[in-house]
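Remarks on the overall topology
So you can see what is in the structure, the chains are spelled out below.
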Amino acid sequence: MLLFGMALLAFMLYSSARMQSMTQIREQADANLNRYIVSLQYQLDRHRDLPRLLASQQQLISLLENPGDKQKVDIANRYLAWVNATMGATDSYVIGTDGITLAASNWDQSTPFIGNDYSFRPYFQQAMEGGAGRYFALGNTSRVRGYFFSYPVLQADQIIGVAVVKVDLEDIEADWSDPLQDILVMDEDGVIFISTRAYWRFRTLGYLPEAGTHTLRQSYGNHASQSPRGGTSPAAGWLSEQDIARISASRRYGEASLLPLDIIRREVTEQGDLLLTLVDTPPATPGQPSERAGHYLLQSRLLPEAGMRVAVLASLKPLQTGIFKTLGLGLTFYCILAALILFFSARHRMKQRHQAELQQAHEALELRVKQRTRELTDTNQRLQQEIEQHHQTQNQLIQTAKLAVLGQLSAGINHELSQPLTAIRHFADNGRKLLVRGRTEAVVGNLEEIAGLADRMAAILQPLREFARQHQDPGRGVNLQHLRQGVMVIMCGQLEQQQARILWPEGLEPLWVAGDIGRLEQVLVNLISNALQAMAGQPCPRIDITLNKSRQWVQLSVRDRGPGLSPDTLSHVFEPFYTTKSTGMGLGLSISHRIVLSLNGRLEATNHPEGGALFILTLPSLSPQEHS
């Protein structure tokens, strides 16, 4: 009976542990698959539009119009090398309509592409048909795996050549560090061209069961390829002679034999998981079969736009470990329980033989139970008292936290209102002097500025709520020229006092950014004030503000000529109450950082190579339609 129970328990523990471990392995494999796909797509998307950009460059168009001009060849070579180094591509080159390479970024290397005929490459043929091409293959010259992007070069609606960019994907393999999971990337023919195991490269995994007996059509550039995916064929996973001849003719994988992986067993579970047992290491002796095989769970996903399938092979070693661990613990517990049952059974028999002695033992046991109950009752009362004290302490901590927040908000209000108050005092003093001189019109202007600053002080209270919640509405937009005018109005008194000057960039009038002018003025005033304090004591201090812009971002850089920021300060500069000044409260940069984040921007601190601190403010750019 005990043996039957042990067998039943072992079966139940095995089933439960296997299901749980498989779920964990499946979820981890799916998560890693998603992460790798995102990384792979990012790597490809970075360079996808680069050939289109190259196709519009006049240096390359001029070369294609005059392919025999050596000066134009040299200009194109140097330009492609510069583009290659700037964009991080592996190679860039231009091909004439006859398939001959005219200029390449590796023109100065030992094996340049110039003069090579690439008319047989599908990416060239796709571009000559008028569309963007993409293709994976071994480099015909470099023998390095790469992903090729191509685009036709047009002149008067006629294709005069092809621009090509090659991207090296081997770094993605090197970055993969999970010893229990391997990555495979297959082309439309099922050939593995990226793998964390070099032994698996340029081999086939075989057809996947989810394709069934249907025809799987995969888009690869402008060409579509059809491959039958019949899971019941005895030769599933093998390329036909026609497929091998076609791939060999394309010289896509050089002299690779394109054999299938050594799959010993395939198994599809009830949950739809595909389990593989395959040889995962090369043989110790060439020509002899390997004796080492691994068990894996396969998770894969098709990327039709890239013409590839990405798969994760998750090792089932953790499955076996988990099963053994669960069985060991469960059976150990069962043996202990069985021993207890046998023990109590023997004890019961002894009780029948020695009733009198057991009666005395029973009475003694009851006495001990009463004593233990009393002890437990006393212990329970002490625990209740400690729980009550814990609740009181917790309430006190909550109250202390509330007071700390109130103190932080009060300090923030005091810090942020100090700047407009200084400006109001400055305008009031000027107004008094102008009134004595009888310049009433200038006095009215000063009063209007004071009224505007008073409104701005009221608006300052709204951004201070950044300590409690995020703003959902970043504002309709701010013109950088208006922002500059507002900042100079607030800072004019302090600039005159220190005889300082600010060098603003030109061309601010047409630029708009997401946000509202009150909060952005706070940020720039804080940055300029900190820069002035860093240059305290210098004669005629100067602050340089530079502008960088792109389609999506506008970047303002504020540089002072002070001593710069120490490494410790750089790591804590945006933390609340952190300051290197004897009179500062350490809230200005913290509040500014929160404001910029709420506007979907970035505020970064560093040191300028020529000396001084550099704060970089990056904000989303708005088009005229968006801010109107």
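A short tour of the structure in this document, coming up. (Residues numbered from 1 in each chain as written. Predicted model: local features only at pLDDT ≥ 70, side-chain atom pairs only at ≥ 80, totals over all residues. Heavy atoms only, no water.)

Our next topic: the overall build of the protein chain. Across its full length, the protein chain holds 15 helices and 20 strands. Buried positions account for 41% of the 628 residues belonging to the protein chain. Of the roughly 35200 Å² that the protein chain leaves accessible, carbon and sulfur atoms contribute 55%. (Helix = DSSP H or I, 4+ residues; strand = E, 2+ residues; numbered from the N terminus. Buried < 20%, exposed > 50% of the residue type's maximum accessible area, 1.4 Å probe, protein only. Areas by Shrake-Rupley, 256 points an atom, 1.4 Å probe, with all protein chains shown as cover.)

Here the focus is unusual backbone geometry. In this structure, Gln499 takes a positive phi of about 55° despite not being glycine. When you line up the elements, Gln499 lands in the loop between helix H11 (480–498) and strand S15 (501–503). Of note in the backbone geometry, Cys540 takes a positive phi value of approximately 55° without being a glycine. Looking at the secondary structure, you find Cys540 in the loop between helix H12 (517–534) and strand S17 (542–549).

Our next topic: the packing of aromatic side chains. Scanning all chains against the criterion turns up nine aromatic pairs. Through a chain of ring-to-ring contacts, the aromatic side chains of Tyr93, Phe113 and Tyr118 assemble into a single cluster. One Lys or Arg, Arg602, reaches over the ring of Trp553 and ends 5.2 Å from the middle of that ring. (Phe/Tyr/Trp six-rings, centres within 6.5 Å; stacked < 30°, edge-to-face > 60°. Lys NZ or Arg CZ within 6 Å of the ring centre and 35° of its normal.)

Where nonpolar side chains cluster on the molecular surface, the patch consists of Phe333, Ile336, Leu337, Leu340, Ile341, Phe343 and Phe344 and spans about 720 Å² of accessible area. Take Ile336: it is sitting in helix H8 (residues 317–353). (Patch = residues over 30% accessible without salt bridge, like charges linked within 9 Å, V, L, I, M, F, W, Y side chains within 5 Å. Salt bridge = Lys/Arg side-chain N within 4 Å of Asp/Glu carboxyl O.)

For sheets, the rule is that strands pair by backbone hydrogen bonds, running either parallel or antiparallel. Strand order in this open sheet of six strands is S7-S6-S13-S12-S11-S10, and the pairing throughout is antiparallel. On the outer flanks of this sheet lie strand S7 (192–195) and strand S10 (263–268), each paired with one strand and no other. On average, each strand axis in the sheet is inclined to that of its neighbour by 30°, with strand direction left out of account. The sheet contact formed by strand S12 (residues 293–303) and strand S13 (residues 308–315) spans eight bridges and is antiparallel. For Leu298, the partnering residue across the bridge sits in S13 and is Leu313. (Pairing = 2+ DSSP bridges. Axes fitted to C-alpha atoms, helices over the stretch in contact; angles between N-to-C directions.)

The topology assignment puts Arg519 in helix H12. Separated by 63 residues in the primary sequence, Arg519 and Arg456 place their C-alpha atoms 9.5 Å from one another. There is a polar contact of 2.6 Å between the side chain of Arg519 and the side chain of Asp516. (Polar contact = N/O pair within 3.5 Å; in protein donor to acceptor, adjacent residues only side chain to side chain.)

What follows covers the sheet that holds strand S3 (residues 133–138). One open sheet accounts for five strands, arranged S2-S1-S5-S4-S3; its pairing is antiparallel. Of all the strands in the sheet, the pair left with one neighbour each is strand S2 (101–104) and S3. Pairs of neighbouring strands in the sheet enclose a mean axial angle of 25°, with direction left out of account. Judged from the six bridges that link them, S3 and strand S4 (residues 145–155) form a sheet pairing that is antiparallel. Pairing of Leu138 across the sheet is with Arg145, part of S4. The strands that helix H3 (residues 58–65) touches are strand S1 (91–96), S2, S4 and strand S5 (158–167); relative to S4, the one it contacts most, it runs at about 75°. Sheet contacts for helix H4 (residues 70–87): S1 and S2; angle to S2, the most-contacted strand, approximately 50°. (Contact = heavy atoms within 4.5 Å.)

Quick look at the packing of H11 against H12 now. Relative orientation of the contacting elements H11 and H12 amounts to 30°, with a least axis distance of 9 Å. It follows that H11 is roughly parallel to H12 by the angle criterion. Of the two elements, H11 crosses H12, and the hand of that crossing is right-handed. Residues His482, Leu483, Gly486, Val487, Ile490, Met491, Gln494, Leu495 and Gln498 of H11 form the contact with H12, whose own contacting residues are Ile517, Leu520, Glu521, Leu524, Val525, Ile528, Ser529 and Leu532. Residues of the contact of H11 with H12, tallied by class, amount to eleven nonpolar, five polar and one charged. (Parallel < 35°, antiparallel > 145°, perpendicular 65-115°, else oblique. Left-handed = near helix turned anticlockwise from the far one by under 90°. Nonpolar A, V, L, I, M, F, W, Y, C, P; charged D, E, K, R; others polar.)

Attention now goes to the pairing of S13. Within S13, eight of the eight residues are buried, which leaves the element mostly enclosed by the surrounding structure. Note: strand S6 (residues 181–186) against S13, six bridges, orientation antiparallel. Bridge pairing links Ile183 to Val312 in S13. The turn linking S12 back onto S13 is made up of four residues, and Gly307 within it adopts a positive phi angle of 65°.

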